[in-house]
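# Structural overview for review
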Amino acid sequence: MQLQNEFTVPAPVSEVWKTLLDVQRITPCLPGATVDRVEGDEVAGRVRVKVGPIMVSYAGTARFVTTDETAHRFVLEASGRETRGSGTAAATVEATMQEEGPSTRVTLLTDLDITGKPAQFGRGVMADVAGKLTDQFATCLAGQVGAPAEAAAGPASATRPAVRESTASDGERAAAVPQRVAAPQAADSLDLFSTVALPVAKRFAPVLAGMVLGVAVGALFGGRRRVVIVIPQPPPHRFLQRTGPAI
Amino acid sequence: MIPPQFDCVRPRTVDEAVGALAEHDNAKVLAGGQSLLPILRLRLAYPDMLVDLGRTAGMWGIRDVGDELLIGTMTTHYQVMTSELVRRHCGLLAEATATVADPQVRHRGTLGGSLSHADPAGDLPAVALAFGTTMVVAGPAGRRTVPASEFFEDYLQTALEPTDVLVQVRVPKLGAGSGWGYHYEKFQRVAQAWAIVGVAALVRRSGGRIEEARVGLTNMGSTPLRATATEAALTGASASAAAVEDAAALAADGTSPASDLSGQADYRQHLARVLTRSAVLAAAGVGATGM
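In this text the structure is predicted, and so the values were computed from the model without any measurement. (Residues numbered from 1 in each chain as written. Chains lettered and ligands numbered in written order. Predicted model: local features only at pLDDT ≥ 70, side-chain atom pairs only at ≥ 80, totals over all residues.)

## Some thoughts on the domain arrangement of chain B
All names here are of chain B. Partitioning chain B into domains gives domain 1 (1–178) and domain 2 (180–284). Placing a centre on the C-alpha atoms of domain 1 and another on those of domain 2 gives a separation of 24 Å. Contact residues are listed per partner, giving 23 residues for domain 1 and 21 residues for domain 2. Those elements giving two or more residues to the side of domain 1 that touches domain 2 turn out to be helix H5 (91–97), helix H8 (123–131) and strand S8 (152–154). When residues of the side of domain 1 that touches domain 2 are assigned to their parent elements, the largest contribution, six residues, is made by H8. Across the side of domain 1 that touches domain 2, the residue classes tally to 14 nonpolar, four polar and five charged. (Domains from an automatic or database assignment. Contact = placed C-beta atoms within 7 Å. Helix = DSSP H or I, 4+ residues; strand = E, 2+ residues; numbered from the N terminus. Nonpolar A, V, L, I, M, F, W, Y, C, P; charged D, E, K, R; others polar.)

Next comes the structure, spelled out in structure tokens:
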């Protein structure tokens, strides 16, 4: 499905461009996202999307396919699979930036492919979630663009308590902050679709050792034998389709 | 599938329940389980701890407290819809609750659970919004009240923090006794299914005029909504089919419903208008052909 999101940052294009490509300044804006490893152009990490009681975690990689500084445009490809489940997510995000007076308008065009249970929630919910998370990200980004670059562990804005940067031992627990998507301060969910949030940078976020994905990626690249378990997809549950009896 | 592994605790008091939620990072309240357990079985959520309110004191019952009914949130749908107090004073709530799912669900599911789950396709959030219900929430800092207009924040998200428990609901007595007519119009293709669109109408009529109207919309957005344009148009309007029709034509204004397997957005908006007309006509006691 195609998703389009836009946001405006009160800063000139060059500033916004630089900030978006600086993982250290972006990462505080992505509660629920963990960067595990950066290898050249590719970032491996995990992302947790939470909507009320429902939570889906993905582990995957993101890669800059195109970076055009003069046109202020980049294209990012990301793919991942559910850490607990059999679904996958793949997204191609094209970000363009346009100067609008003293501000910059960032437009994100996302081509998103979701399989598995989250896919059954339908375009409406996903577009809604994407929209809200983009707004959140934009607000945070605006704060970041103004502030000087900080150490990755520190949250940028004083109004956002407890954005805990994941550490090696913290893993899943660090992402479990209060769940509200609507409140930028307290949310712990990430816009998976706006994966400009995992930009590749010449300077990169600290590598977090011992993470699940690190092991998974290592297994894939290390040539170890993988056991593939095929789980047959259950038919779409009527609860999710909302055309069958409630349970 | 079976739910992922979880621990369970059954607090005896509300304070214990709040304490248990505060103590465990990834805890979830279990009321009737009619929404939560399917989510667990589908493995869409992985709480480590379930706080079962089945034995918690002070969360069950229906009491008349003057110009409101105080309803404990662990009161089941069946108890709400068969309660004499509710039928007499808050008839819309009884009528709408009777349309929820099927008898098995109504005997286990709770009013509080339905409101806290905040599925916009659920019938009760829209009804609570139409009534202007007040939610009584218990949290680590004590009790606080949240009006329904501020309670439903987003799809499946409410003003409840992870450490909060919705303990009671105060429903204003908008019933026959105070001049209010009501009707809940629910449209579904399959019996006992979720509403494709639903409309909850409360109309206060005096003589030949509609003094006040409240219209709640089910499944027209990521939260329950009020059809404010229709409500404004109905205020002071004559209690006639023509006036109601004109007002109902505004029911979908400002809404952007989702397109999904049950219906496209424009179909939903059309449904909202048609159902609002039916619901308001019935609530106002106006025949479809005239006065």
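Further notes follow.
## Structural notes on the environment of Ser14 of chain A
In this structure, Ser14 of chain A sits in helix H1 (residues 13–20). Each C-alpha atom, one on Ser14 of chain A and one on Leu141 of chain A, is 14 Å from the other, the two residues being 127 residues apart in sequence.

## Observations concerning the confidence of the model for chain B
Reading predicted coordinates in detail is not appropriate for stretches of low pLDDT. Per-residue pLDDT for chain B averages 94, and the proportion of residues at 70 or more is 99%. Across the interface, the model reports ipTM at 0.74; the global pTM reads 0.75. (pLDDT = per-residue confidence, 0-100.)

## Some remarks on the sheet that holds strand S7 (residues 103–114) of chain A
Remark on secondary structure: sheet strands pair via backbone hydrogen bonds, oriented parallel or antiparallel. All names here are of chain A. Pairing in this open sheet of seven strands is antiparallel, and the strands run S1-S7-S6-S5-S4-S3-S2 from one edge to the other. Two strands bound the open sheet, and with one partner strand each, they are strand S1 (2–9) and strand S2 (33–39). Shown here is a sheet whose adjacent strand axes are inclined to one another by a mean of 25°, direction ignored. Sheet analysis places S1 next to S7, joined by eight bridges and oriented antiparallel. Counted as the bridge partner of Val9 is Thr104 from S7. Lying over the sheet, H1 contacts S1, strand S6 (88–100) and S7, oriented at roughly 155° with respect to S6. (Pairing = 2+ DSSP bridges. Axes fitted to C-alpha atoms, helices over the stretch in contact; angles between N-to-C directions.)

## Some points on H8 of chain B
Residue and element names in this part refer to chain B. The buried fraction of H8 amounts to nine of the nine residues, a majority that puts the element mostly inside the structure. Considered for burial, the residues of H8 that qualify are Asp123, Leu124, Pro125, Ala126, Val127, Ala128, Leu129, Ala130 and Phe131. Backbone geometry just after H8 places Gly132 at a positive phi near 75°. (Buried ≥ 20, exposed ≤ 12 C-beta atoms within 10 Å, placed from the backbone.)

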